[in-house]
Amino acid sequence: MTFIPKDWRPRDGELGDKCILVTGAGDGIGRAAALAFAKYGAEVLLLGRTEAKLEAVYDEILAQGGTRPAIVPADLAKTGHDELQALAGELSHSLPKLDGLLHNASILGDRKPLAQTSAAKWHETMQVNVNAAFMLTQAMLPLLEQAPSASIVFTSSGVGRRGRAYWGGYAVSKFATEGLMQVLADELGGISAIRVNSLNPGAVNTAMRRTAYPAEPPHTNPDPSELMASWVFLMSDSSSQVHGQALNAQD
Ligand code: NAP
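Rules used throughout
Residues numbered from 1 in each chain as written. Predicted model: local features only at pLDDT ≥ 70, side-chain atom pairs only at ≥ 80, totals over all residues. Heavy atoms only, no water. Helix = DSSP H or I, 4+ residues; strand = E, 2+ residues; numbered from the N terminus. Expected span 1.5 Å × (residues − 1). Buried < 20%, exposed > 50% of the residue type's maximum accessible area, 1.4 Å probe, protein only. Contact = heavy atoms within 4.5 Å. 1 Å grid on protein atoms, 1.4 Å probe; cavity = no way out; pocket = protein on both sides within 12 Å on 5 of 7 lines; lining within 4 Å. Points joined across faces, edges and corners; volume = space filled by probe spheres on them. Nonpolar A, V, L, I, M, F, W, Y, C, P; charged D, E, K, R; others polar.

Enquirer: Kindly report on helix H1 (residues 28–39), identifying the contributing residues and their values.
Expert: With 12 residues, H1 extends 17 Å from end C-alpha to end C-alpha; this agrees with the ideal 16 Å at 1.5 Å per step. Among the 12 residues of H1, 10 are classified as buried, and the element is accordingly described as predominantly covered. Taken as a whole, H1 has its buried residues at Gly 28, Ile 29, Gly 30, Ala 32, Ala 33, Ala 34, Leu 35, Ala 36, Phe 37 and Ala 38. Buried positions along H1 lie against strand S1 (19–23), strand S2 (43–48), helix H2 (51–63), strand S4 (100–103) and helix H7 (229–235). Immediately beyond the C-terminal end of H1, within one or two residues, lies Gly 41, with a positive phi of roughly 105°.

Enquirer: Summarise empty space enclosed by the protein; cite the residues concerned and give the values.
Expert: Considering all chains together, one arrives at one cavity of 30 Å³ or more under this definition. When its volume is computed, the largest cavity comes out at roughly 90 Å³. His 103, Ala 105, Val 128, Asn 129 and Ala 133 are, among the 15 residues lining the largest cavity, the residues nearest its centre. The set of elements that each furnish at least two residues to the lining of the largest cavity consists of helix H4 (119–145), strand S5 (151–155) and helix H5 (168–188). Ranked by the residues each element gives to the lining of the largest cavity, the list is headed by H4, at five residues. Per-class residue counts for the lining of the largest cavity are seven nonpolar, seven polar and one charged.

These figures capture arrangement, not role.
Here it is in structure tokens:
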């Protein structure tokens, strides 16, 4: 059972008047989420490292009649506290508020036994999957506080809830992601209108999945666009009471 009420369907304009920042918006789940948020009326800020992919999503949003998005080029492996604070400062000049933040960008890192995992890859995985999410959250909190009902979604994984051999730094980074969600949710509960949750997509047909499971026929798993109800629900006011939860997009 997913967490979405059984009869819930997004209505036209479900996310109208909302501005949502999506990391890793150029491909896979982040791309599908950006398109879905725009379809339901949101202005989307497309953050990612490959500008050509972000431009393609930008064009798709305009082609489907969505509000003009913004492109935010950033390589989260190399972006630090100062750059993210500067980004928040720039955004605050043009945006009165931020209604949603989807932490989606991640890398797989080394799929090897811990004994063979390179320290450099370990650090890069932690940087992209955890440290950047922490720093970006910290930078965006003032803008999120300006929204009447903001939503932060951290993207988790099954191996972030139960460790599994050979998932190395990726699994550990997803445990840290759950910890980040829990600590922030506990801090904000009762004193803020921001809700904070984690979402495990389950198996989805993306480049990451195909890399992790090279022998698996790709269409074993749903395409990201088939699953977007969970993401739209978590960004809509319908989920305003959902806070501090570790959620699953698939049964
Ligand atoms: P994906 O197809 O590999 O897409 C990941 C996106 O993140 C890409 O747009 C990628 O940019 C971006 N990204 C990676 N490193 C980045 C960096 N340093 N700076 C900025 N952007 C960066 O992966 P996905 O399957 O859609 O995964 C999305 C999320 O779901 C991840 O958090 C993943 O852990 C989680 N997840 C996925 C599955 C699954 O079955 N697919 C299962 C459980 C959890 P480029 O396009 O430039 O590479």
